Amino acid sequence: MVQTSELTIEDLKTKIKRLNSKGGQLKMELHDLAEGLPTDFDKIMEVAGRTYELFSELDELKKQLKAQEQAK
């Protein structure tokens with residue numbers, strides 16, 4: 001997980017934007033794998049795992065951002 005306690009609101013927004021972009025790429029990669037089934041079925045778990053980790057981190061950062069913005 002990410003150490004978010006030291007990040008500023010702007011740092012969080014920047015990191016969230018970057019992760020949203022990466023998340024979109026991973027979603028498309030999963031979509032492409034699903035469309036090509038059964039070809040490359042063995043890659044699905046690896047890509048799904050990376051996707052899960054990214055969106056888990058993104059969720060944590062969004063919660064941190066919301067908490068910091070409410071504390072202002």
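Look above for the structure.
The structure presented is a predicted model; accordingly, all values stated were derived computationally and were not measured. (Residues numbered from 1 in each chain as written. Predicted model: local features only at pLDDT ≥ 70, side-chain atom pairs only at ≥ 80, totals over all residues. Heavy atoms only, no water.)

## Focus: the nonpolar core
(1) Moving on: Core analysis: the largest hydrophobic core is formed by 11 residues, namely Ile9, Leu12, Ile16, Leu19, Leu26, Leu33, Val47, Leu54, Leu58, Leu61 and Leu65.
(2) Moving on: Listing elements by their share of this core, those giving two or more residues are α1 (9-35) and α2 (44-71).
(3) Moving on: Not counting residues within four places of it along the chain, the set of residues in contact with leucine 33 comprises Thr39, Asp40, Lys43, Ile44 and Val47. (Core = buried A, V, L, I, M, F, W, Y, C linked by side-chain atoms within 4.5 Å. Buried < 20%, exposed > 50% of the residue type's maximum accessible area, 1.4 Å probe, protein only. Helix = DSSP H or I, 4+ residues; strand = E, 2+ residues; numbered from the N terminus. Contact = heavy atoms within 4.5 Å.)

## Section: the pattern of salt bridges
(1) Moving on: Tallying each qualifying case throughout the model produces six salt bridges.
(2) Moving on: Of the charged contacts in the structure, one is a salt bridge between aspartate 40 and lysine 43, with a shortest N-O distance of 3.9 Å.
(3) Moving on: A salt bridge links lysine 63 to aspartate 59, with the nearest nitrogen and oxygen atoms 3.2 Å apart. Within this pair, lysine 63 and its partner aspartate 59 are both found in helix α2, separated by four residues, close to a single helical turn. (Salt bridge = Lys/Arg side-chain N within 4 Å of Asp/Glu carboxyl O.)

## Some remarks on the environment of glutamate 57
(1) Moving on: Relative to the helices and strands, glutamate 57 resides in helix α2.
(2) Moving on: The spacing of glutamate 57 and isoleucine 16 is 41 residues in sequence and 9.1 Å in space, taken between C-alpha atoms.

## Re α2
The α-helix winds at 3.6 residues per turn, so residues separated by three or four positions along the chain end up facing the same way.
(1) Moving on: Taking 1.5 Å per residue, 28 residues should reach 40 Å; α2 reaches 40 Å between its end C-alpha atoms and fits that length.
(2) Moving on: Every buried residue belonging to α2 is among Val47, Thr51, Leu54, Glu57, Leu58, Leu61, Leu65 and Gln68, and all of these are buried.
(3) Moving on: Summarising the contacts, the buried residues of α2 are in contact with α1. (Expected span 1.5 Å × (residues − 1).)

## A short note on unusual backbone geometry
It is generally the case that most residues other than glycine have a negative phi and that most peptide bonds are trans.
(1) Moving on: Residue proline 38 is bonded to the preceding leucine 37 through a cis peptide linkage, with omega at 5°.
(2) Moving on: Topologically, proline 38 is positioned in the loop between α1 and α2.
(3) Moving on: Not every positive phi belongs to a glycine, and aspartate 40 is a case in point at roughly 60°.
(4) Moving on: By the element assignment, aspartate 40 lies in the loop between α1 and α2.
(5) Moving on: When its relative accessible area of 35% is taken as the criterion, aspartate 40 is described as partly exposed.

## Considering α1
(1) Moving on: Over its 27 residues, α1 extends 39 Å from the first C-alpha to the last, a length consistent with the 39 Å expected when each residue adds 1.5 Å.
(2) Moving on: Within the span of α1, buried status applies to Ile9, Leu12, Lys15, Ile16, Leu19, Gly23, Leu26 and Leu33.
(3) Moving on: The inward-facing, buried residues of α1 abut α2.

Coordinates in, geometry out; function isn't part of it.
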